Amino acid sequence: MSEALRDRVVVVTGASSGIGAAVAKMLSEEGARVVLAARREDALREVQPELEASEGSVVHTTDVTDRGQMGALVERAEADLGPVDALVNCAGVMYFTLMKNVRVEEWERTVEVNCKGALNCVGAVLPGMIERGRGHIVTISSDAGRVVFPGLAVYSASKSFVEALSKGLRLETAGTGVKVTTVQPGNVATDLLDLSGDGEALELYGQPTGSKVLDPEDVARAVIYALSQPEHVAVNEVLVEPRDEPV
Ligand SMILES: NC(=O)c1ccc[n+]([C@@H]2O[C@H](COP(=O)([O-])OP(=O)(O)OC[C@H]3O[C@@H](n4cnc5c(N)ncnc54)[C@H](OP(=O)(O)O)[C@@H]3O)[C@@H](O)[C@H]2O)c1
């Protein structure tokens with residue numbers, strides 16, 4: 001354990017499962033005080049006792065697509081634990097679907113959660129971070145933010161959005177003490193794939209390759225690495241792939 005994260009207040013969205021839950025647990029092992037946020041309170045309450053310092057953590061049900069709820073999350077987090085040192089934005093959805101099948105509700109949901117949700121996260125924490133002259137915004141993007149995958153056109157577009165957003169934010173906040181990181185995982189063993197209902201797209205593009213994919217903890221280690229660097233060091237992007245599935 002390094003001392004870099006001890007007593008730091010870190011908000012993790014999407015903390016009810018998968019990568020977000022793994023990030024929350026690893027942050028707690030590093031001594032951070034963690035605010036667990038997602039929509040499903042029961043799932044958050046199952047993750048919380050698994051945290052090393054569960055008494056130093058809090059649970060706040062939050063829908064990231066609702067700007068008011070994101071603002072309230074940060075207000076309550078600050079009232080409970082103090083100013084937010086870092087935000088890890090893990091909330092996201094992914095639907096394998098073919099454009100020709102025009103599954104507009106899935107397109108819109110992807111934009112709502114992955115794009116507008118990311119903006120709501122930034123809007124909720126950025127002013128306070130700039131005022132305090134320190135802070136770190138980490139977004140779990142994807143290798144699909146670098147490469148467009150067939151069957152994942154809208155998802156890839158949403159992750160390109162968060163990549164561009166993070167680059168712009170990084171350029172604008174240079175000199176303010178704020179850091180901006182994207183972590184870009186390849187395939188990770190989580191529930192994310194279960195959202196997809198377009199059988200044709202899954203059949204064509206969503207089949208496992210047979211390679212060992214990443215575990216959520218493999219991604220969490222990259223987040224901890226980015227968050228625990230010295231003040232003057234910025235980790236801008238981390239691409240983490242299964243060894244046998246390079247992009
Ligand atoms: N798994 C992969 O292969 C992979 C690869 C690259 C990138 N990623 C990215 O990693 C992130 C986490 O995904 P995961 O793989 O860990 O999948 P996951 O286990 O399905 O986690 C998704 C999380 O997002 C939360 N969420 C969804 N909609 C939300 C909303 N409107 N408001 C608040 N929280 C919301 C879910 O919680 P609730 O349902 O409780 O709200 C859940 O905690 C996503 O951004 C995904 O794009 C995943």
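(A) Summary view of the overall build of the protein chain. On a plain count of helices and strands, the protein chain comes out with seven helices and seven strands. At 17 Å, the protein chain has a C-alpha radius of gyration in line with the 18 Å of a compact globule built from 247 residues. C-alpha atoms of the protein chain, sized along the principal axes, occupy 50 × 40 × 35 Å. Among the 247 residues that make up the protein chain, the fraction classed as buried is 51%.

(B) Representation of the site of the ligand. By nearness alone, 30 residues border the ligand, and Ser16, Ile19, Arg39, Tyr155 and Thr190 come closest of all. Within the side chain of Asp63, a nitrogen or oxygen atom sits 2.9 Å from a nitrogen atom of the ligand. One of the backbone nitrogen or oxygen atoms of Val188 is found 2.8 Å away from an oxygen atom of the ligand. Against a free-state accessible area of 880 Å², the protein chains account for coverage of 95% of the ligand. Elements with a minimum of two residues in the shell around the ligand: α1 (18–29), α4 (104–132) and α5 (153–173). Looking at the shell around the ligand residue by residue, the class counts come to 12 nonpolar, 12 polar and six charged.

(C) The side chain of Ser158, seen in detail. Here Ser158 shows up in helix α5. Here Tyr155 takes part through its backbone oxygen, which lies 2.7 Å from a polar atom of the side chain of Ser158. Each residue touching Ser158, except ones within four places of it in the same chain, is listed here: Thr110, Asn114 and Cys115.

(D) Representation of the sheet that holds strand β4 (residues 86–89) in the model. Reading across from one edge, β3-β2-β1-β4-β5-β6-β7 is the order of the seven strands in this open sheet, with parallel pairing throughout. Both edges of this open sheet fall to β3 (58–61) and β7 (237–240), since each of them pairs with a single strand only. For this sheet, the mean inter-axis angle between neighbouring strands, taken without regard to orientation, is 15°. Sheet topology places strand β1 (residues 9–13) next to strand β2 (residues 33–38); five bridges connect them, and they run parallel. Residue Val11 lies in a different strand from β2, and its bridge partner there is Val35. Running at roughly 160° to strand β6 (residues 178–185), α5 makes contact with β5 (135–140), β6 and β7 of the sheet.

(E) Molecular detail of the pairing of β7. Here β7 shows one buried face, formed by Val238 and Val240, and one open face, formed by Glu237 and Leu239. Sheet analysis places β6 next to β7, joined by four bridges and oriented parallel. From the neighbouring strand, Thr182 faces β7, where its bridge partner is Glu237.

(F) A look at the pattern of salt bridges. Using the criterion set out here, one finds 13 salt bridges in the structure. Note that Asp85 and Arg134 form a salt bridge whose closest N and O atoms lie 3.8 Å from each other. Note that Asp85 is positioned in the loop between α3 (67–81) and β4 and Arg134 in the loop between α4 and β5, a separation of 49 residues in sequence. With its nearest N and O atoms 3.2 Å apart, the salt bridge here joins Arg146 to Glu237. Here Arg146, found in the loop between β5 and α5, pairs with Glu237, found in strand β7; they are 91 residues apart in sequence, far enough to count as distant. Linked by salt bridges that have partners in common, Asp85, Arg134 and Glu231 make up one network.

Criteria and thresholds
- Residues numbered from 1 in each chain as written.
- Predicted model: local features only at pLDDT ≥ 70, side-chain atom pairs only at ≥ 80, totals over all residues.
- Heavy atoms only, no water.
- Helix = DSSP H or I, 4+ residues; strand = E, 2+ residues; numbered from the N terminus.
- Rg over C-alpha atoms; globule rule 2.2 N^0.38 Å.
- Buried < 20%, exposed > 50% of the residue type's maximum accessible area, 1.4 Å probe, protein only.
- Near = heavy atom within 4 Å.
- Polar contact = N/O pair within 3.5 Å; in protein donor to acceptor, adjacent residues only side chain to side chain.
- Areas by Shrake-Rupley, 256 points an atom, 1.4 Å probe, with all protein chains shown as cover.
- Nonpolar A, V, L, I, M, F, W, Y, C, P; charged D, E, K, R; others polar.
- Contact = heavy atoms within 4.5 Å.
- Pairing = 2+ DSSP bridges.
- Axes fitted to C-alpha atoms, helices over the stretch in contact; angles between N-to-C directions.
- Salt bridge = Lys/Arg side-chain N within 4 Å of Asp/Glu carboxyl O.

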